[in-house]
Amino acid sequence: MGIAATDRAKGMHSQFSHLLIGACMSMLLAHATAQGFDFFYFVLQWPGSYCDTSSSCCYPTTGKPASDFSIHGLWPNYNNGGYPSSCDPNNPFDVSQVSDIESQLQTSWDSLACPSSDGTSFWTHEWDKHGTCAESLFSQHAYFQSALNLRSSVNPLGGLSAAGINPDGGAYSLTAIQNALTSSLGHTPGVQCSSDASGNNQLYQLYICVATDASTLIDCPVFPTSGCSSTVLFPSF
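Within every chain, residues take consecutive numbers counted from 1 along the sequence as written. For a predicted model such as this one, the threshold for reporting local features is a pLDDT of at least 70, and the threshold for listing and counting side-chain atom pairs is 80 or more; totals across whole chains, interfaces and linings nevertheless cover every residue. To obtain the side-chain values, all non-hydrogen atoms of the structure were used and water was disregarded.

1. Remarks on the overall build of the protein
Numbering of helices and strands runs from the N terminus; a helix is a DSSP stretch of H or I covering at least four residues, while a strand is a stretch of E covering at least two. Within the protein, the secondary structure is distributed over seven helices and six strands. Taken from the N to the C terminus, the helices and strands of the protein come in the order α-β-α-β-α-α-α-α-β-α-β-β-β. Only protein chains enter the accessibility calculation, which uses a 1.4 Å probe; a residue is then buried when its area is under 20% of its type maximum, exposed when over 50%, and partly exposed in between. Residues counted as buried form 41% of the 237 residues belonging to the protein. Residues are treated as being in contact if the distance between any of their heavy atoms lies within 4.5 Å. Counting only contacts in the protein whose residues sit at least 6 apart along the sequence, the fraction spanning at least 24 positions is 76%.

This is how it looks when you write it as structure tokens:
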């Protein structure tokens, strides 16, 4: 083979190598972009604390919810504490996609916002803001079904009650609450508090960390802002 032919062969090999490397990088970037987050916060809220504020609440059109933690959301998050938001305006929530599980959503993912509603506006907000950021992994139905499955797999109220911590309006040690939840869940959740109508600190939300499969509980890479004092109220509902 002549020098010119050898040079051409080397040039073609170099071009092929660059194309191959570029293709691999594009695939890796596409995968990273497709997933776009590191874990989920599965957020549960205590209805008694939602209602016991200066703005109060409105029961859903289906009636007063059960006295148990309800779903607030399943939120994609980054390990650094940030999170993606409203990732695809071209994929709006379609309630017909969850028609077969709508009654379950009304039970476990109800809205206490005023005015009273059937929950559709709440689910719309949650999908449009958070769910779209996981759409490469989950359809709308799979996203909401995953949240319902998670809710069925945990019993934080039972774990608290087993430790003598009940929604009776009493004051409880934050450490005792955290220990009871860790024992029940197998992982330590984030605990968030709010202020009641009188300005007292009360147990409000639990942030349970979940892998990107939306089913496996994990240790939290980062915790949300707590806002809890050393002793908090656990209001009745």
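Once the structure has been displayed, the description carries forward.
2. A few points about unusual backbone geometry
Cis geometry marks the peptide bond from Cys114 to Pro115; its omega dihedral reads 0 degrees. Relative to the assigned elements, Pro115 resides in the loop between helix H3 (102-108) and helix H4 (120-129). Here the phi dihedral of Ser86 falls at roughly 50 degrees; this positive angle occurs in a residue that is not glycine. Relative to the helices and strands, Ser86 resides in the loop between strand S2 (70-77) and H3. The backbone of Ala214 sits at a positive phi, close to 60 degrees, despite the residue not being glycine.

3. Here we look at the environment of Trp46
Along the chain, the position of Trp46 falls in the loop between strand S1 (39-45) and helix H2 (47-51). By relative accessible area, which is 0% here, Trp46 ends up buried. With 21 residues separating them along the chain, Trp46 and Ser67 place their C-alpha atoms 8.2 Å apart. Aside from chain neighbours lying at most four places away, what touches Trp46 is Ser67, Asp68, Phe69, Leu157, Pro167, Leu203, Tyr204, Phe234, Pro235 and Phe237. At 2.8 Å, the side chain of Trp46 forms a polar contact with the backbone oxygen of Pro235. N or O atoms within 3.5 Å of each other form a polar contact, as long as, within protein, one can give a hydrogen and the other can take it, and as long as residues adjacent in sequence are counted only when both atoms are side-chain atoms.

4. With respect to the side chain of Ser117
Secondary-structure assignment places Ser117 in the loop between H3 and H4. For Ser117, a relative accessible area of 15% gives the class buried. One polar contact links the side chain of Ser117 to the main-chain amide nitrogen of Gly119, over a distance of 3.3 Å. Excluding residues that lie within four positions of it along the chain, Ser117 makes contacts with Pro60, Thr61 and Ser111.

5. Digging into the packing of aromatic side chains
Planes of paired rings set the category: under 30 degrees apart is stacked, over 60 is edge-to-face and the rest tilted, where pairs are Phe, Tyr or Trp rings (Trp by its six-membered ring) whose centres lie within 6.5 Å. As enumerated under the stated definition, the model contains 13 aromatic pairs in all. On the basis of an interplanar angle of 75 degrees and a centroid distance of 6.0 Å, the ring pair of Trp75 and Tyr207 is categorised as edge-to-face. You can see Trp75 sitting in strand S2 and its partner Tyr207 sitting in strand S5 (residues 201-210), a full 132 residues away along the chain. Each member of the pair, Trp75 as well as Tyr207, carries the same accessibility label: buried. A centroid spacing of 5.0 Å and a plane angle of 45 degrees characterise the contact between Trp109 and Phe144, whose relative ring orientation is tilted. Here the residue Trp109 occupies a position in the loop between H3 and H4, and Phe144 occupies one in helix H5 (residues 140-153), the gap between them amounting to 35 residues. Residue Trp109 is classed as buried on the basis of its relative accessible area, which comes to 0%. Overall, the relative accessible area of 0% leaves Phe144 in the buried class. Pairwise contacts between aromatic rings join Phe93, Trp109, Trp127, Tyr143 and Phe144 into one cluster. Both a distance and an angle decide whether a charge sits over a ring: NZ of Lys or CZ of Arg must be within 6 Å of the ring centre and within 35 degrees of the ring normal. Taking the ring centre of Phe237 as reference, the NZ or CZ of Lys64 above it sits at 4.9 Å.

6. Some thoughts on the state of the cysteines
We call a pair of cysteine sulfur atoms a disulfide whenever their separation is within 2.5 Å. All told, the structure shown has five disulfides when counted by the stated rule. Here Cys87 pairs with Cys133 through a disulfide, and the sulfurs are 2.0 Å apart. Torsion about the S-S bond of the Cys87 and Cys133 cystine: about 95 degrees, corresponding to right-handed handedness. Of this pair, Cys87 sits in the loop between S2 and H3 while Cys133 sits in the loop between H4 and H5; the two residues are 46 residues apart in sequence, bridging distant segments of the chain.

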